[in-house]
Structures are given as structure tokens and as C-alpha cells.
Amino acid sequence: MKEKEIKTVIKECQVEELSSADRELVERAKAMTRTSYAPYSKFHVGAAILMDNGEIVGGSNQENAAYSSGTCAERSACFYASARYPGVPMKKIAIAAWTRLHAAEDTPDAECFQHLPISPCGSCRQALLEYEAKYGPIEVILYGLDRTYILPSVASLLPLCFTEF
């Protein structure tokens, strides 16, 4: 029996350390949280995808009382990007989330973003991975008030991923 180790390289930085283009992508993800429909979880997620043609496509979580009928921000964005720009590779995705659940009433919304970055759920990872398998790596930028993570690809979020389809 062999033992193998899987490592994921994550760059950690402050958002101010990002390039201006990456900061713009993060700001678009943060702005997309405002279009979220989250009456049940009160957890607002936004995603912004930079396409190979320079366009930025956004998405936000959309909840439903029949929970499985809703969709996450990441899938909302990648499905819209693929429908709007068929055949155009996705280069980067930025993700941001905020909630007022643990904030004082007078806390401004801008200060309610998650302190630590959140990452996509398994379904979103697999959906994004399929576009990555088709077109090449999609860099992942996970925003948090205290720190931002940068990962080289969606596959780095999903070790031992299923890519033979």
C-alpha cells in the first residue's frame, strides 16, 4: 500500500494587494451580493467571472422555499456565462458573501461581509470544474474582510475530482 499526500497551494493576501483587475472582479462579486434573494438563510453570496473575451459576468444565490430549487451564486454565474458567451473560456472567478445575522443593527452592510473567505459548495465546484476541463484553468479568488485567498484552479478546490466525462 502506498500513501500519497495531496497539497493545495493557496495564496493569502489583503484585497489591496491584488492587481487592479482582480480588485475590480472582487468588487463585482461583492456588488452581486446585492442581487441575492436569500430570505431563508439571510446569507448573500455573489460571484463574478472574468471571461477570456474580457467580459465580466455576475451571479448571486437565489433561494426558494423548496430549497433544492434554488441555486448558488457560482452556478448562477457560470451557467449564465456559458449561455451568454458560448465557447468562450472562463479565466477567473471571484466570490464574496455577507450576512447581517451576527451583526449589530447599526452595522453598515459593507462591514457585514464574511471576515474569512467562503468557498464554493461541492455542486458548484463540480459545475465549474466541467468548464475548466473543457477550456483550461479557472483561477479562484475568495474574498474576506480580513484576508483573500487565491487558488490557481477550481481543481485545486476539489482533489481527486471527476473529470472523465
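Counting of residues starts from 1 at the beginning of each chain's written sequence and follows it residue by residue. Local features in a predicted model are, by the rule used here, given only for residues with pLDDT of at least 70; side-chain atom pairs are given and counted only at 80 or more, and totals for whole chains, interfaces and linings are based on all residues. Computation of side-chain values covers all heavy atoms of the structure but excludes hydrogens and water.

With 13 residues, helix α1 (residues 20-32) ought to run about 18 Å at 1.5 Å a step, and its terminal C-alpha atoms sit 18 Å apart, in line with that. Relative accessibility under 20% of the residue-type maximum defines a buried residue, over 50% an exposed one, and the middle range a partly exposed one, all with a 1.4 Å probe and only protein chains included. Numbering of helices and strands runs from the N terminus, with a helix taken as a DSSP run of H or I at least four residues long and a strand as a DSSP run of E at least two residues long. All buried positions along α1 are accounted for by Asp-22, Leu-25, Val-26, Ala-29 and Lys-30. The buried residues of α1 occupy one face: seen down the axis, they fall within an arc of 140 degrees. We call two residues in contact when some of their heavy atoms are within 4.5 Å. Tucked into the core, α1 has its buried residues touching β2 (43-51), β3 (56-60), β4 (90-99) and β5 (139-142). A helix's residues, less one, multiplied by 1.5 Å, set its expected span. Regarding the arc, it is the one traced by the directions from the helix axis to the C-beta atoms.

Criterion used throughout: strands pair if DSSP finds at least two bridges between them. As defined by bridge partners, β4 adjoins β5 across four bridges and the pair is classed as parallel. Within β5, the residue paired with Ala-94 across the bridge is Ile-141. For crossovers, right-handed means that the path from the first strand over the helix to the second runs clockwise, given strands pointing away from the viewer. Between the parallel elements β4 and β5, the chain passes through helix α3 (residues 122-135) in a crossover that is right-handed. Bridge analysis of β5 against strand β6 (residues 148-151) gives three bridges, and the strand direction is antiparallel. Across the sheet, residue Leu-142 finds its bridge partner in β6, namely Tyr-149. Linking β5 back to β6 in an antiparallel pair, the connection comprises five residues.

This next bit is on the pattern of salt bridges. Throughout this description, the term salt bridge denotes a Lys or Arg side-chain nitrogen within 4 Å of a carboxyl oxygen of Asp or Glu. Taken as a whole and assessed by the stated rule, the structure comprises six salt bridges. Residue Arg-147 is joined to Glu-12 by a salt bridge in which the shortest nitrogen-to-oxygen separation is 3.5 Å. You can see Arg-147 sitting in the loop between β5 and β6 and its partner Glu-12 sitting in strand β1 (residues 11-13), a full 135 residues away along the chain. Under the relative-accessibility criterion, Glu-12 is labelled exposed at 51%. Taken together, the shared-partner salt bridges connect Asp-22, Lys-92 and Glu-139 into one network.

Any Phe, Tyr or Trp ring, taking Trp's six-membered ring, that has another such ring centre within 6.5 Å forms a pair; planes under 30 degrees apart are called stacked, those over 60 apart edge-to-face, and the others tilted. Here the structure, examined in full by the defined rule, presents two aromatic pairs. Residues Tyr-40 and Tyr-67 carry aromatic rings whose centres are separated by 5.9 Å and whose planes lie at 80 degrees to one another, so their mutual orientation is edge-to-face. Taken as a pair, Tyr-40 in the loop between α1 and β2 and Tyr-67 in the loop between β3 and α2 (73-84) lie far apart in primary sequence, 27 residues in all. Taking relative accessible area as the criterion, Tyr-40 reaches 39% and is therefore assigned partly exposed. Centre to centre, the rings of Phe-113 and Tyr-143 are 5.8 Å apart; their planes meet at 80 degrees, and the pair counts as edge-to-face. Placement of Phe-113 in the loop between β4 and α3 and of Tyr-143 in the loop between β5 and β6 is noted, with a sequence separation of 30 residues between them. Criterion for a charge above a ring: Lys NZ or Arg CZ within 6 Å of the ring centre, and within 35 degrees of the ring normal. Here the guanidinium or amino end of Lys-30 rests over the ring plane of Phe-113, the centre of that ring lying 5.2 Å away.

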